[in-house]
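Chain and residue survey
Residues per chain, in single letters:
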Amino acid sequence: MTETTANAGGATTADAEAGNQTLSVTDNRTGQIYEVPIIDGTVKAAEFGRIRVTESEPGLAVYDPGFTNTASCRSSVTFIDGDKGILEYRGYPIEQLAEKSSYLEVAYLLIHGQLPTKAQYETWVHEITYHTFVHENLRSFMEGFRYDAHPMGMLQASVGALSTFYPESSRISDPDLRHIQIVRLIAKMPTLGAWSFRHAQGKPYVYPDNELGYAANFLSMLFKMSEQKFVADERLIRALEVLFILHADHEQNCSTNAVRSVGSSQVDPYSATAAGIAALYGPLHGGANEAVLRMLRRIGTVDNISEFIEGVKSGKEKLMGFGHRVYKNYDPRAKIIKKACDDVFEVTGVNPLLKIAQELEKIALSDEYFVKRKLYPNVDFYSGLIYEALQFPPEMFTVLFAIPRTSGWLAQWLELVQDPEQKIARPKQIYTGDRTLDYVAASERWK
Ligand code: SDX
């Protein structure tokens with residue numbers, strides 16, 4: 001930062017076009033003017049750290065609860081344009097990937113940065129397929145949970161526990177060790193997710209069937225009973241693949257921020273992923289799909305929608321599955337999921353809650369409260385309807401989000417550990433508490 005006097009006329013568009021990419025910041029406490037460079041649409045917070053009245057006092061910090069306007073990293077994994085409703089993984093539009101790709105190919109794309117060659121894809125699928133089993137000790141660990149434990153609680157604990165089976169995973173600077181942990185996590189998430197479900201159902205755990213594809217194997221571990229081989233309807237397998245593709249990454253969302261923040265301490269990727277699962281568990285984030293189903297069930301009939309909407313507008317509750325920090329337009333994933341509903345309902349029969357969801361969307365999108373706040377359906381609004389039609393209980397919905405999001409979290413984690421600009425996450429605060437109080441002994445205080 002250099003301290004100069006701003007030109008009298010102030011910056012003009014011509015200046016901006018001519019590359020005068022700076023801010024002139026006047027500190028009215030001292031009259032000093034600071035020239036702050038604008039880089040990639042941002043200004044470095046550190047530049048404001050140099051603005052102070054006297055050398056002895058701390059410089060300015062920027063205050064941004066929830067990071068609503070703060071860039072935490074440089075990333076090339078996912079691009080979102082919230083106003084235009086655009087989502088791209090490594091530059092590929094989500095609509096094309098959902099229509100033409102497979103989840104494991106998308107996972108490869110996110111992790112490696114480009115689509116795989118035939119040989120690369122076959123090796124990747126082989127590696128993932130042959131790492132779906134977990135150590136039998138982990139199975140005993142999972143059997144220790146209460147009979148009705150929430151699958152997300154089991155999943156976050158089990159993924160964290162995986163780090164104890166692979167102590168070498170703490171050597172995060174070793175690319176080969178990073179690779180094998182990434183393969184293990186992507187491969188084992190469906191196994192752990194399915195076992196969390198089977199545990200809550202009091203059913204025997206089903207081991208992976210390595211002759212099946214990623215989504216089909218997951219369905220087999222979830223629903224196989226006494227039959228020799230469980231092979232789900234191809235249309236349901238494809239619908240799950242599409243849902244996995246749509247949930248694979250979403251740039252710096254709450255759970256990815258958790259993975260990056262925890263990962264910035266240079267902990268192993270299992271522990272960082274467990275932090276992402278914990279963040280996703282919250283009802284404002286990945287837990288929203290479960291909350292949407294419960295909300296639709298509570299509304300019960302189309303006739304109750306108006307009263308429910310009034311309750312939302314009076315601030316009594318939120319319309320779950322609506323709104324987004326980035327999308328101020330329709331979430332492109334919601335559009336694709338809405339279409340996938342038709343394919344699934346062709347096999348399972350229409351979910352009766354669909355009518356309520358469609359009517360709720362129609363009323364909300366024409367109501368000033370939602371229009372003014374640019375609240376549109378997000379990825380969670382329709383996904384729960386499909387999951388319920390696929391016979392998943394609401395407690396499993398967020399597990400179905402965490403499994404595919406693992407490849408996105410790990411792609412972001414890889415960027416973090418290789419980014420020379422990154423350091424351990426340690427934000428500042430605005431201190432609002434007491435200062436320099438004298439301690440009074442308990443014997444005095446408790447008289
Ligand atoms: C996901 O970040 C990601 O990318 C997440 C995700 C991903 O793929 O990782 O896309 C997945 O988490 C999708 C979001 C799922 N969550 C929900 O559906 C829960 C309901 N939605 C809200 O809680 C909310 O919209 C958030 C959390 C998603 C976004 O919240 P913001 O950006 O912090 O916005 P806000 O809470 O400041 O809301 C702005 C205004 C407020 O009203 P006022 O105070 O201005 O009067 O909009 C209102 C909010 O009350 N509002 C809602 C609302 N969402 C926002 N009012 C009613 N219902 C809602 N759903």
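A short note on the site of the ligand
For the ligand, the set of nearby residues contains 22 residues, the closest of which are His-250, Gly-321, His-324, Arg-325 and Arg-333. His-250 is positioned such that a nitrogen or oxygen atom in its side chain is 2.6 Å from an oxygen atom of the ligand. Summarising the interface, the protein chains cover 74% of the accessible area of the ligand, which totals 1100 Å² for the free molecule. Broken down by class, the residue content of the shell around the ligand amounts to nine nonpolar, seven polar and six charged.

Considering the pairing of strand β4 (residues 86–89)
Remember that side chains alternate between the two faces of the sheet whenever the strand is regular. Because side chains alternate across β4, one face comprises the buried residues Leu-87 and Tyr-89, and the other comprises Ile-86 and Glu-88, none of which is buried. Relative to β4, strand β3 (residues 78–81) runs antiparallel, the two sharing four bridges. Bridging across to β4, Thr-78 finds its partner in Tyr-89. If you look at the hairpin formed by β3 and β4, you'll find four residues sitting between the two strands, and Gly-85 has a positive phi there, around 65°. Two elements, β4 and strand β5 (residues 92–93), share two bridges in a ladder whose sense is antiparallel. The partner of Tyr-89 across the bridge, within β5, is Tyr-92. Hairpin connection from β4 to β5: two residues lie between these consecutive antiparallel strands, with Arg-90 at a positive phi of about 50°.

Here's the deal with the environment of Leu-23
Among the secondary structure elements, Leu-23 is positioned in strand β1 (residues 22–27). On a C-alpha basis, the gap between Leu-23 and Tyr-281 in space is 40 Å, while along the polypeptide they are 258 residues apart. Contact partners of Leu-23, with chain neighbours within four places excluded, come to Tyr-34, Glu-35, Val-36, Ile-38 and Val-43.

So, the pairing of β1
Of the pairings in the sheet, the one linking β1 to strand β2 (residues 32–37) comprises six bridges and is antiparallel in character. Bridging across to β2, Thr-22 finds its partner in Pro-37. Counting the residues between successive antiparallel strands, the hairpin from β1 to β2 contains four residues, one of them, Gly-31, with a positive phi of roughly 85°.

Looking at the sheet that holds β3
Taken together, three strands build an open sheet; the order of strands is β3-β4-β5 and the sheet is antiparallel. Unpaired on one side and paired on the other, β3 and β5 mark the two borders of the sheet.

Remarks on helix α15 (residues 332–348)
For α15, spanning 17 residues, the distance from its first C-alpha to its last is 25 Å, which sits close to the expected 24 Å at 1.5 Å a residue. Along its buried surface, α15 packs onto β4, α3 (94–100), α10 (234–246), α16 (353–365), α18 (379–389) and α19 (399–418). Within two residues after α15, Gly-349 carries a phi angle of roughly 90°, on the positive side.

Some words on the domain arrangement of the protein
Examined at the domain level, the protein breaks down into domain 1 (1–63) and domain 2 (83–413). Summarising the inter-unit geometry, the C-alpha centres of domain 1 and domain 2 are found 43 Å apart.

A word on the environment of Val-417
Looking at where Val-417 falls in the secondary structure, it is placed in helix α19. Classification of Val-417 by relative accessible area gives partly exposed; the value is 25%. Residues Val-417 and Glu-251 lie 166 residues apart in sequence; the distance between their C-alpha atoms is 16 Å.

As for the environment of Tyr-387
Assignment of secondary structure puts Tyr-387 in helix α18. Of the residues examined, Tyr-387 reaches a relative accessible area of 0% and is grouped as buried. For the pair formed by Tyr-387 and Glu-143, sequence separation is 244 residues and the distance between their alpha carbons is 25 Å. Excluding anything up to four places from it in sequence, Tyr-387 contacts Leu-243, His-247, Asn-289, Phe-392, Phe-397 and Leu-400.

What counts, and at which threshold
- Residues numbered from 1 in each chain as written.
- Predicted model: local features only at pLDDT ≥ 70, side-chain atom pairs only at ≥ 80, totals over all residues.
- Heavy atoms only, no water.
- Near = heavy atom within 4 Å.
- Polar contact = N/O pair within 3.5 Å; in protein donor to acceptor, adjacent residues only side chain to side chain.
- Areas by Shrake-Rupley, 256 points an atom, 1.4 Å probe, with all protein chains shown as cover.
- Nonpolar A, V, L, I, M, F, W, Y, C, P; charged D, E, K, R; others polar.
- Buried < 20%, exposed > 50% of the residue type's maximum accessible area, 1.4 Å probe, protein only.
- Helix = DSSP H or I, 4+ residues; strand = E, 2+ residues; numbered from the N terminus.
- Pairing = 2+ DSSP bridges.
- Contact = heavy atoms within 4.5 Å.
- Expected span 1.5 Å × (residues − 1).
- Domains from an automatic or database assignment.

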